[in-house]
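Chain by chain, the residues run as shown.
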Amino acid sequence: MKVLVAVKRVIDAYVKVRVKADQTGVETANVKMSMNPFDEIGVEQAVRLKEAGTASEIVAVSLGASQCQETIRTALAMGADRGILVETDAELQPLAVAKLLKAVVADEKPDIVILGKQAIDDDSNQTGQMLAALLGWAQGTFTSKLVIDDGIATCTREVDGGLETVSLKMPIVMTTDLRLNEPRYASLPNIMKAKRKPIDVKTPDELGVDIGPRISVLKVVAPAKREAGVKVADAAELVARLRDEAGVI
Ligand code: AMP
């Protein structure tokens, strides 16, 4: 079984994000970038499938600028076998990513495509669903447990009211939720080994995909600053302040 796992290069989760002065987006120059945390969970899941003997090959794919090779290298150091970079400096919206991934799927013919449930930069939560629709494949989104047996994937999904378990006929698109697993750190020997693993570079043109944007962002603004809190001496003061100042009780 072949696994394709999508890995997006995003601003590191621990960096304080700054909005550009002209409100067209966020500052990415000289900012630490890392693999999207939900994609680390995706790579970990793929590696566990391989360790269990369920998967035979893991291909990590990233779309974006040439620096996305670093993100692919991280996936290779965690245990992916090879990488594909679809290189472009153009802005990629979820629909364009889904179309590009569809073209990669046509070449690679994986049995399962694993994506994060959302990228922490745009929080779109769209790409996996769009890819499944474009491919006409079953989808297991927000998966917190995956069992594959005899061509059937059983995904436990985190939904509002609790957990939902769905049974899907392979091939499938799966998106990861936080509780699926805890991703491993790449060991130094594996980081060294990853340097020799191959990364194939393609362009959207070679894949014949129109990546033109379908939506335009009007402006990006930083959230309002939070007011400082106050310490209260006891429960009576808390109740008085909630009643008299906040007016919530
Ligand atoms: P989104 O729909 O933007 O929230 O992204 C959901 C998931 O799609 C991410 O966690 C990635 O697995 C995948 N994805 C989105 N954009 C890219 C990209 N440029 N390169 C690789 N994977 C991506």
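Residues numbered from 1 in each chain as written. Predicted model: local features only at pLDDT ≥ 70, side-chain atom pairs only at ≥ 80, totals over all residues. Heavy atoms only, no water.

A word on the packing of helix α3 (residues 94-108) against helix α4 (residues 127-135). At their nearest, the axes of α3 and α4 sit 8 Å apart, and the two run at 50 degrees to each other. The angle between α3 and α4 falls in the class oblique. Both α3 and α4 take part in a crossing whose hand is right-handed. Here Pro 94, Leu 95, Val 97, Ala 98, Lys 99, Leu 101, Lys 102 and Val 105 of α3 come into contact with α4, specifically with Thr 127, Met 130, Leu 131, Leu 134 and Leu 135. Broken down by class, the residue content of the contact of α3 with α4 amounts to ten nonpolar, one polar and two charged. (Axes fitted to C-alpha atoms, helices over the stretch in contact; angles between N-to-C directions. Helix = DSSP H or I, 4+ residues; strand = E, 2+ residues; numbered from the N terminus. Parallel < 35°, antiparallel > 145°, perpendicular 65-115°, else oblique. Left-handed = near helix turned anticlockwise from the far one by under 90°. Contact = heavy atoms within 4.5 Å. Nonpolar A, V, L, I, M, F, W, Y, C, P; charged D, E, K, R; others polar.)

Quick look at the sheet that holds strand β4 (residues 57-64) now. With respect to topology, nine strands assemble into an open sheet ordered β9-β8-β7-β10-β6-β1-β4-β5-β11, the strand pairing being mixed. The two strands at the open ends of the sheet, each matched to only one other strand, are β9 (162-169) and β11 (199-202). Averaged over all pairs of adjacent strands, the angle between their axes in this sheet comes to 30 degrees, without regard to strand direction. Examined bridge by bridge, strand β6 (residues 112-116) and strand β10 (residues 172-176) share five bridges and lie parallel to one another. If you follow Ile 114 over to β10, its bridge partner there is Met 174. Of the strands in this sheet, β6, β7 (138-149) and β10 touch α4, which is tilted by about 175 degrees from β10. (Pairing = 2+ DSSP bridges.)

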